[in-house]
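Each chain is listed here by its residues.
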Amino acid sequence: MLIPALAAGTKIVMMRRWDAGEGLRLIEAEKINSFGGVPAIAWQVIEHPDFAKYDTSSVDMVSYGGAPSSSELVAAVVRAFPNVTPGQGYGLTETAAAVTSNGGEDYKLRPTSCGPAAPVNELRVVDPDGKDVPAGEVGELWIKGPNTVVGYWNKPEATEAAFENGWFKSGDLVRMDEEGFVFIVDRAKDMIIRGGENVYCVEVEDALYQHDAVTDAAVVGIPHKVLGEEVGAIVTVKPGSDVSEEELRRWVAARLAGFKVPVRIQIRSEPLPRNANGKILKRDLREAVAPAARGFGPAASRRGDFTEPSFPWPSLECGGCSGGGHGDSSTNRRLGGRRGVDRAVRAAARHAGRRGDGGLWPDHPCGGAGGGRPRPRPAAGERCDRPFRTQSGQR
């Protein structure tokens, strides 16, 4: 924000620490024209109980980035600020901020997109071998441009891993449509692989945000001894809301496939923990939901509470039956560095129907097939509880 403000000769009003109530006071007192940050800042302002008490008519722009935003946010911003042009963008420290932006009518038409590339930037969406994927398919975003750094100071190994022929490998999984609009799917390291099925946290978070009671949401992986990971969520709800965990799970189940529904949702009244840049600290949240849902505990078994049509293909305990090989296990994916990112990208490719490098052992008791190959679809409610082996030989 500093450079555009200097270029335009405008005033910047800063806060030592973000507080939505104080932000509203400053908007009225200083006649703020534009404010922004991460999407949560916009949500907190709009949902603040004292919002209607302040004069916010001076605001004509609300912009955000730094984290995926819900498709509901653009509509909420327009309702709260009728004269506003909302916008969002995408960028990283390594790219000196934004490399895409989406605003105006484009944003209203594509509320889940962070926009096309900036004029000075080139973007590619690639598979683990560095080959471009077709439009609409998931891959890792690579970025090139004069605003991209050339490497990490005194870290040659990290530089070699993250840069290739002038391209910066972002580590973000995205889709790009035919017109060049980018849709963030997830951070490769945050993607959950539940028994071979890919679960993109952003998709589940978006479903939770669509519930009127939810003001903040984070989806994390919960360790599971058979599936590798299960889906967990932590949400902040509006003051006075009496929404229950079961209601939120049914809400998600009505919108997403059964394997994407969180087995555990922790409901909070306080904001989720964030770093200085406003990004949710998912590492701190994973243990908050893990104890109650680990293994085959009570929270995990609650999947059986749902029947058709809420869960059209519920709770398959076999990773092969649920749609993929075991080569991309959560253990392997979390090894970190490029190896972890590449495995996550392969898993995304396999989920889209392209052959990955994983696969079931040929003697798997259910006779399933991984690597994106066809396999019999189990009957509704059918469950395979037999153990499987990963490529490391673990059962």
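Before going further, it helps to spend a moment on helix 3 (residues 39-46). One full turn of an α-helix is made of 3.6 residues, so residues set three or four places apart face in the same direction. Counting buried positions over the eight residues of helix 3 gives seven, a clear majority of the element. Of all the positions in helix 3, only P39, A40, I41, A42, W43, V45 and I46 are classed as buried. Close packing links the buried residues of helix 3 with helix 2 (20-30), strand 1 (34-37), strand 2 (61-64), helix 4 (73-80), helix 7 (201-209) and strand 12 (214-224).

Along the chain, E140 turns up in strand 6 (residues 139-144). Within the structure, the side chain of E140 is placed 3.5 Å from the side chain of W142, a separation counted as a polar contact. Here the side chain of E140 touches G171 through a polar contact of 2.9 Å, landing on its backbone nitrogen.

To continue, consider unusual backbone geometry. Backbone geometry at K31 places phi at a positive 55°, although glycine is not the residue there. For K31, the position within the fold is in the loop between helix 2 and strand 1. A relative accessible area of 47% means that K31 is categorised as partly exposed. Within the chain, N154 stands out as a residue other than glycine whose phi angle is a positive 55°. With respect to the element layout, N154 can be found in the loop between strand 6 and helix 6 (156-162).

Reading guide: rules and limits
Along each chain, numbering runs from 1 in the same order as the chain's sequence is written. Under the rules for a predicted model, residues below a pLDDT of 70 receive no local features and side-chain atom pairs below 80 are neither given nor counted, while totals for whole chains, interfaces and linings still include all residues. With hydrogens and water excluded, all non-hydrogen atoms of the structure serve as input to the side-chain values. Each residue is placed in one exposure class: buried if its accessible area under a 1.4 Å probe, protein chains only, is under 20% of its type's maximum, exposed if it is over 50%, and partly exposed if it falls in between. Under the DSSP-based scheme used, a helix requires at least four consecutive residues in state H or I and a strand at least two consecutive residues in state E, with every element numbered from the N terminus. When checking whether two residues touch, look at their non-hydrogen atoms; a contact exists if any pair is within 4.5 Å. The term polar contact refers here to a pair of N or O atoms within 3.5 Å; inside protein, the definition further demands a hydrogen-donor-capable atom paired with an acceptor-capable atom, and it admits residues adjacent in sequence only when both atoms are side-chain atoms.

Nothing here speaks to function; it is all geometry.
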